[in-house]
Every structure is written in C-alpha cells, then in structure tokens.
Amino acid sequence: MTGIDTTAVAYSVDAGVATIAFNRPAASNALNRVMKNELLQALSAADRDSSVRAVIITAAGKNFCVGQDLAEHVEALRADPSHAMDTVREHYNPVMQALEAIKVPVVVAVNGACVGAGLGLALGADIRIAGSRAKFGTAFTGIGLAADSALSASLPRLIGASRATAMFLLGDSIDAATAQAWGLVHQVVDDGSLLDVATGLAGRLAEGPTAAFSSVKTLIRDNAVAPLSDILEREAVAQQRLGDSRDHSTAVEAFLAKTKPVFTGR
C-alpha cells in the first residue's frame, strides 16, 4: 500500500485501487484552499500511477461534501470582492479537469449531504453509490451564484434539463431514492454498508479491461456535450460576475449569521 501524507484529503493505493477520502468531517468536508489543493494532488497522483486500475472517492464523517467553505470565502470577499471568485479558475476548474483526465473508472461513495461543488465532484465520477440517507442539492442560487464544477452540464445531462433547472432555481434537495429514480446515482445501499459496496465495486472494476474502460469513458464524454474547457470557462465568467454582486455577499454573511438573506437582484 502506498499513500500521500496530507491533512484534508487522505490518499492511498492498495491492490490497484486508489482511495481518495475527504477528511474534514467537522466541517462537513467543506472545500477550503488546503482541501482543494490536496484533492488536486491526489487526483493527479492517481492519474500518473500506472498501478492504479480504479479510483474510489469517499468521505469521513456524516456528510460527503457541502461545497465551498463559506467561512473562508467570506474572508476572501471582505479582503477583495473582485478576486473572491478566482478560486473557480485557480482551484475548481483544475480539480474537475484532473478528475476528467483519469483514464480508469472512478467510483464515488456518497454519504449524507452532497451539495454545490461537492455535487459537481460526485457527478464527475463514473459511478455513484449513495447511502440511504444521502441528500443531493445545488445550493448555488441560494447564495446568489450560478454554477461551477461543470454542474451546469453534468446535472441536466443526467436528470434532464427540466429537473436540473428546478433544482438550481428552487434550491430544493433530493433524497437518495429520488436520486436513483432520476438516474443521478447507480445504486442506493444502507449507510453502514456504503463503503464496503463502493470498495467492492472499485475492486471489481480494477480487475476489468482498463483500456476498454478508458475508451468507453472517452467516447461517452466526447459524444455527449461541448468540451469541458468551454463549459468551465462559461461557468467561471458567470461566477466571477455574480461573486461580486451584493446578493452574493449578503447571502453569505446571512448564512454565517444564521439569518435569512434578502435578495435585491444586484
């Protein structure tokens, strides 16, 4: 077994399976700068390692990932609103591109809340296994933003434009059973067996025809949507504009103060 010494994202390789585990359980695995950098490091390591034949992404604690760490984001907004959304191009886009670049199958085990960029990461994997108490949501418009992490393309591709638009505009979450019925996840299992099922599936894939798997992944990606770089750039432009809006800063401040934001459209 091999691994990388990190703090926010654990990484190890055993029997051809690379395990990437989010490790900020006290923060519901919210993505801060350290975690984003370590996630990129782990994804890149998995892609470079010729011994890796499958990847599994998991999370410690009760929740998979609630998206951007808003406490850190508020600090960036207060310091310089015009650059607070630089993280989209500097961190999220490289992470999503590194995830897409992985040639072997990627399985994600979703426990608890899977929201915002966390949902984008989950949808960037090839197969999603969900615990019975998993919840999926977009969250972006609730704080005056649009979408990033390729979610504006991956979500409608999986569940249809109508359902995806409703999830974005209404901000409603869906449970694991609904996610499976809509095609968002492959399988729902008891929370207690989630990791075992996902690990077993990753092990099964690691024993499969990786060259064929890689070709299938490429064909599905290239034949389905516009290039990821185009999608990410359009998202980044929208996030940059909205990140400098009054609605966004007001909503984030309200979230931390546990009050209800008042949106003005500015």
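Keep in mind that this is a model prediction, so the values were computed, not measured.

## Thoughts on the sheet that holds strand β9 (residues 174–175)
Turning to step 1, where the next piece is worked out: Ordered by their spatial adjacency, three strands build an open sheet running β6-β8-β9, and the pairing between neighbours is mixed. In this open sheet, the two edge strands, each paired with only one partner strand, are β6 (113–115) and β9.
Turning to step 2, where the next piece is worked out: Two strands pair when backbone bridges link them, and strand β8 (residues 135–137) and β9 are joined in this way by two bridges, in the antiparallel orientation. Within the sheet, the bridge partner assigned to F136 lies in β9 and is I174.

## Points about the pairing of strand β4 (residues 54–59)
Turning to step 1, where the next piece is worked out: Buried residues dominate β4, accounting for six of its six residues.
Turning to step 2, where the next piece is worked out: Neither face of β4 is left uncovered, since the one carrying A54, I56 and T58 and the one carrying V55, I57 and A59 both have all their residues buried.
Turning to step 3, where the next piece is worked out: As paired elements, strand β3 (residues 17–22) and β4 share six bridges and run parallel to each other. By the bridge assignment for β4, A21 is matched with T58.
Turning to step 4, where the next piece is worked out: Crossover connection from β3 via helix α1 (residues 33–48) to parallel β4: handedness right-handed.
Turning to step 5, where the next piece is worked out: Bridge count between β4 and strand β5 (residues 106–110): three bridges; the pairing is parallel. Across the sheet, V55 pairs through a bridge with V106, a residue of β5.

## Details of the pattern of salt bridges
Turning to step 1, where the next piece is worked out: Inspection of the entire model under this criterion finds eight salt bridges.
Turning to step 2, where the next piece is worked out: R133 is the salt-bridge partner of D191, the closest N and O atoms lying 3.3 Å from each other. Taken together, the positions of D191 in the loop between β10 (187–189) and α8 (194–206) and R133 in the loop between β7 (127–131) and β8 put the pair 58 residues apart, joining distant regions of the chain.

## Description of the side chain of R24
Turning to step 1, where the next piece is worked out: Looking at the element boundaries, R24 is found in the loop between β3 and α1.
Turning to step 2, where the next piece is worked out: The contacts of R24, once residues within four sequence positions are left out, are A8, N29, A30, N32, M35 and D69.

## Points about helix α10 (residues 228–243)
Turning to step 1, where the next piece is worked out: In a regular helix each residue adds 1.5 Å, so 16 residues correspond to 22 Å; α10 covers 21 Å between its end C-alpha atoms and thus fits that length.
Turning to step 2, where the next piece is worked out: The set of residues buried in α10 consists of L228, I231, L232, E235, A236, A238, Q239 and G243.
Turning to step 3, where the next piece is worked out: In this fold, the buried residues of α10 make contact with α2 (70–79), α3 (86–101), α5 (151–159) and α11 (246–257).

## Here we look at the pairing of strand β2 (residues 9–14)
Residues in a regular strand point their side chains to alternate faces of the sheet.
Turning to step 1, where the next piece is worked out: As paired elements, β2 and β3 share six bridges and run antiparallel to each other. By the bridge assignment, V13 is partnered in β3 with A18.

## Considerations on the nonpolar core
Turning to step 1, where the next piece is worked out: Counting residues in each nonpolar core, the largest one holds 62 residues, and the members touching the most others are F22, V55, F64, F136 and L184.
Turning to step 2, where the next piece is worked out: Summarising the domain contributions, this core has at least three residues from each of domain 1 (9–207) and domain 2 (210–257).
Turning to step 3, where the next piece is worked out: Core analysis: the next-biggest nonpolar cluster, separate from the first, contains 13 residues, A109, A198, L201 and A202 among them.

## With respect to the packing of α5 against helix α6 (residues 161–170)
Turning to step 1, where the next piece is worked out: One way to put it is that α5 packs onto α6 with a least axis distance of 7 Å and a crossing angle of 130°. Taken together, α5 and α6 sit at an angle that is classed as oblique. Between α5 and α6 lies a crossing of right-handed hand. Taken together, the residues of α6 that come into contact with α5 (itself represented by L151, S152, L155, P156 and I159) are A161, R163, A164, M167 and F168.
Turning to step 2, where the next piece is worked out: Its residues assigned to classes, the contact of α5 with α6 shows eight nonpolar, one polar and one charged.

## Quick notes on α8
Turning to step 1, where the next piece is worked out: Over its 13 residues, α8 runs 18 Å from end to end, which matches the ideal 18 Å to within 8%, given 1.5 Å per residue.
Turning to step 2, where the next piece is worked out: Among the structural elements, β3, β4, β5, β7, β10 and α9 (210–224) are those in contact with the buried residues of α8.

The rules behind the values
- Residues numbered from 1 in each chain as written.
- Predicted model: local features only at pLDDT ≥ 70, side-chain atom pairs only at ≥ 80, totals over all residues.
- Heavy atoms only, no water.
- Pairing = 2+ DSSP bridges.
- Helix = DSSP H or I, 4+ residues; strand = E, 2+ residues; numbered from the N terminus.
- Buried < 20%, exposed > 50% of the residue type's maximum accessible area, 1.4 Å probe, protein only.
- Right-handed = clockwise from strand over helix to strand, strands pointing away.
- Salt bridge = Lys/Arg side-chain N within 4 Å of Asp/Glu carboxyl O.
- Contact = heavy atoms within 4.5 Å.
- Expected span 1.5 Å × (residues − 1).
- Core = buried A, V, L, I, M, F, W, Y, C linked by side-chain atoms within 4.5 Å.
- Domains from an automatic or database assignment.
- Axes fitted to C-alpha atoms, helices over the stretch in contact; angles between N-to-C directions.
- Parallel < 35°, antiparallel > 145°, perpendicular 65-115°, else oblique.
- Left-handed = near helix turned anticlockwise from the far one by under 90°.
- Nonpolar A, V, L, I, M, F, W, Y, C, P; charged D, E, K, R; others polar.

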